[in-house]
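# Per-entry structural report
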Amino acid sequence: MPLTYQEFKEAASRLCGNDLSLYKSKQMDRRIHSLMNIWGVSDYDEYLTILQTDPQRYQEFVKKLTINVSEFFRNPDRFMELWERIMPELLKKPGKIKIWSAGCSNGSEPYSVAIILHELCASTRAEILATDIDQVVLDKAKKGVYLQNEIKSMPPDLIKKHFRQEGEAFYLKENIKERVVFKKHNLLKDPFEKDLDLIICRNVVIYFTEQAKNDLYIKFNQSLRMGGYFLVGGTEPLLYYKQLGYENVSPSFYKKIGEPKTDGMLGGLLFG
Ligand SMILES: C[S@@+](CC[C@H](N)C(=O)[O-])C[C@H]1O[C@@H](n2cnc3c(N)ncnc32)[C@H](O)[C@@H]1O
């Protein structure tokens, strides 16, 4: 019997250790089938065999599904808010602050945070963990080499100070690179750290189903310390932030002020 699409998706999920059914199905289906067309594959058995035997195409498949566009100071006004208001407040706490960039892609996001901390003369006051499901982008992130379009939203004086340009490539300086620890991590499966002061998860959940997104937001809340902050993407406001235990302090920034109100058994949010 030939593999059905559902069976293919289940087998591909096992292969890449990522449950594809937790991603929005329309977008996921479109991406899976677009590669099928590009590679001229006629059925799901052949598609699966390719993924199992051709490491290069397997990487292309993972890349296609995870979409990892990113840039330094993406939505600059949010990074300025982080710089001028949120970070100084967090730094009032004695000891180290713990920051997590979840779905960090090529590292532009956690490195932007490291640059802000450097500018606030607080580089050594924070631990920055940056995670992604895609090992290829993590390897790129660790190298810290970027193109003009990935740093275009940064203030020019910061580019000059923190990068060394060679031809078209911009090399991030070592004192910033060494502030970030990169790790492979699947947000839909792996355990989360506790007592975090700031979680940044932007432009990642847009690909997840509503249920997966809600479960994730509950887990993020449980990972933050009381008074910690959660920064989301510009197009991903938390509709149920009160039920999730947050106060919306400014666009995209949420402060933990309580625990999520869930119905316990099912883990769903309680409304009203
Ligand atoms: C569009 S990028 C966002 C990068 C950065 N946060 C930003 O806003 O510029 C989305 C990232 O989410 C990652 N991703 C997708 N599914 C994931 C999962 N289940 N767990 C962890 N990361 C995931 C992708 O690999 C990709 O690098």
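About the thresholds
- Residues numbered from 1 in each chain as written.
- Predicted model: local features only at pLDDT ≥ 70, side-chain atom pairs only at ≥ 80, totals over all residues.
- Pairing = 2+ DSSP bridges.
- Helix = DSSP H or I, 4+ residues; strand = E, 2+ residues; numbered from the N terminus.
- Axes fitted to C-alpha atoms, helices over the stretch in contact; angles between N-to-C directions.
- Contact = placed C-beta atoms within 7 Å.
- Domains from an automatic or database assignment.
- Nonpolar A, V, L, I, M, F, W, Y, C, P; charged D, E, K, R; others polar.
- Buried ≥ 20, exposed ≤ 12 C-beta atoms within 10 Å, placed from the backbone.

### Some thoughts on the sheet that holds strand S1 (residues 97–102)
Pairing is mixed across the open sheet formed by seven strands, whose spatial order is S6-S2-S1-S7-S8-S10-S9. Either end of the sheet is taken by a strand with one partner, and the two such strands are strand S6 (180–184) and strand S9 (246–250). Ignoring strand direction, the axes of neighbouring strands in this sheet form an average angle of 20 degrees. In the packing of helix H5 (residues 76–90) onto the sheet, the strands contacted are S1, strand S7 (196–201), strand S8 (224–232), S9 and strand S10 (253–256), and the crossing angle to S8 comes to about 175 degrees.

### A short note on the domain arrangement of the protein chain
Split by domain assignment, the protein chain resolves into domain 1 (5–66) and domain 2 (76–256). A straight line from the C-alpha centre of domain 1 to that of domain 2 covers 29 Å. Class assignment for the residues of the side of domain 1 that touches domain 2 results in three nonpolar, five polar and three charged.

### Description of the pairing of S10
The alternating pattern of S10 places Tyr254 and Lys256 on a buried face and Phe253 and Lys255 on a face that is not buried. In terms of strand pairing, S8 meets S10 through three bridges, oriented antiparallel. Bridge pairing links leucine 231 to phenylalanine 253 in S10. Examined bridge by bridge, S9 and S10 share four bridges and lie antiparallel to one another. When the bridges of S10 are listed, asparagine 248 appears paired with tyrosine 254. In sequence, S9 turns back onto S10 through a hairpin of two residues, with serine 252 there showing a positive phi of about 75 degrees.

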